Amino acid sequence: MASHDTENINVEVRKIWNANAAFWDERMGSQGNEFHRLLIEPAQEKLLELKPGDQILDIACGNGQFARRMAKLGAQVLAFDLAESFIAIARERSKEFGDRIHYCVLDAADRGQLEELGDKRFDGAVCTMALMDMAAIEPLAIALKKVLKAGGRFVFSILHPCFNSGRTRRVIEEEDRDGELTSTCSVMTSQYSTPFTLKGIGMADQPEVQYYFHRSLSVLFRQFFIHGFVLNGLEEPVCPEMREKSFFWKVHAEIPPALVARMILPGGFFPEELTGRGQCAII
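Colleague: I would appreciate a short explanation of the overall build of the protein chain in the present structure.
Modeller: Of the regular secondary structure elements, the protein chain holds nine helices and eleven strands. Relative to its length of 283 residues, the protein chain is compact, with a C-alpha radius of gyration of 19 Å against a globular reference of 19 Å. For the protein chain, the spread of C-alpha atoms along the principal axes amounts to about 65 × 45 × 40 Å. When the 283 residues of the protein chain are sorted by exposure, 50% land in the buried category. Sequence separation of at least 24 residues holds for 71% of the intrachain contacts in the protein chain that already meet a minimum separation of 6. Here the protein chain has roughly 13700 Å² of accessible surface; of this, 49% comes from carbon and sulfur atoms.

Structure below.
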């Protein structure tokens, strides 16, 4: 995507999230909705391995739900979002964490803004369900290399690009097996390898439809591999068995709707043949 196209889309993305912020905040609440509490938050906490006093950068923080969770676990958090409305809401919801969370308005696609946060300042960074909302992620990868300490970890969660994208369908099939009706849930996908951009609905009845930027796993991880990151943690949480849940929860009882990954910046020497060619680097 050309840089001018990215800039134009970013302007629209900011407008959309400012329009949706109050609606999303109402649905998410202070601690996140069920999807976040049961699937995303536990996996992110596991991979972040927070220690009291850790300096954490919270990227695209929304209403600050995960920033508050990290602060409760003892971290010092700098949280930012593209949408001014989200930051205003996050500050209002986080008054009791005044000495542990600092909020600001920043664009994750603006490498210069991010690098001004400080050289080798953060022990870790986290991005909760937002990379697929960003038109460009390489500026973030470059900036994280500067602002993270050696050995610093970057944990992110996304909609699973294999099983929960704008080109997948959730299906239920019913068949008669020897006189007994049996239902089988599955996912059908029609496009995966080629990146695509579309608009969709994150929550029913939200004021504005939002952008989604689909990237295959290889495209996604390559943006970080070429800048020295290695992948050393991966979770694919599935929906737990619960009482009567929606069709979404039934389909994704075995098929992960989200992916949570941890990438780190190794300390010391790292082979150029891995970092320079965008090859898969896993430790």
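Next comes the rest of the description.
Colleague: Looking at this structure, I do not really get helix α3 (residues 65-72). What am I missing?
Modeller: Residues separated by three or four positions in an α-helix point in the same direction, a consequence of the helix having 3.6 residues per turn. Among the eight residues of α3, six are classified as buried, and the element is accordingly described as predominantly covered. Gln65, Phe66, Ala67, Arg68, Met70 and Ala71 are the residues of α3 that are buried.

Colleague: How do you make sense of the side chain of Asp107 when you look at a structure like this?
Modeller: For Asp107, the location among the structural elements is in the loop between β3 (101-105) and α5 (111-115). Arg14 is the oppositely charged side chain nearest to the buried, salt-bridge-free Asp107, at an N-O distance of 4.8 Å. A polar atom in the side chain of Asp107 sits 3.5 Å from the side chain of Asn10. Asp107 has contacts with Asn10, Phe80, Leu82, Gln113 and Leu114, leaving out every residue within four places of it along the chain.

Colleague: I would appreciate a short explanation of the pairing of strand β1 (residues 55-59) in the present structure.
Modeller: Consecutive residues of a regular strand have side chains that alternate between opposite faces of the sheet. Of all the five residues making up β1, four are buried; the element is thus mostly covered by neighbouring parts of the structure. As paired elements, β1 and strand β2 (residues 76-81) share five bridges and run parallel to each other. If you follow Ile59 over to β2, its bridge partner there is Phe80. Crossover connection from β1 via α3 to parallel β2: handedness right-handed. Sheet topology places β1 next to strand β4 (residues 122-128); four bridges connect them, and they run parallel.

What counts, and where the lines are drawn
- Residues numbered from 1 in each chain as written.
- Predicted model: local features only at pLDDT ≥ 70, side-chain atom pairs only at ≥ 80, totals over all residues.
- Heavy atoms only, no water.
- Helix = DSSP H or I, 4+ residues; strand = E, 2+ residues; numbered from the N terminus.
- Rg over C-alpha atoms; globule rule 2.2 N^0.38 Å.
- Buried < 20%, exposed > 50% of the residue type's maximum accessible area, 1.4 Å probe, protein only.
- Contact = heavy atoms within 4.5 Å.
- Areas by Shrake-Rupley, 256 points an atom, 1.4 Å probe, with all protein chains shown as cover.
- Lys, Arg positive; Asp, Glu negative; His and termini not counted.
- Salt bridge = Lys/Arg side-chain N within 4 Å of Asp/Glu carboxyl O.
- Polar contact = N/O pair within 3.5 Å; in protein donor to acceptor, adjacent residues only side chain to side chain.
- Pairing = 2+ DSSP bridges.
- Right-handed = clockwise from strand over helix to strand, strands pointing away.

Limitation: the analysis is restricted to geometry and does not speak to function.
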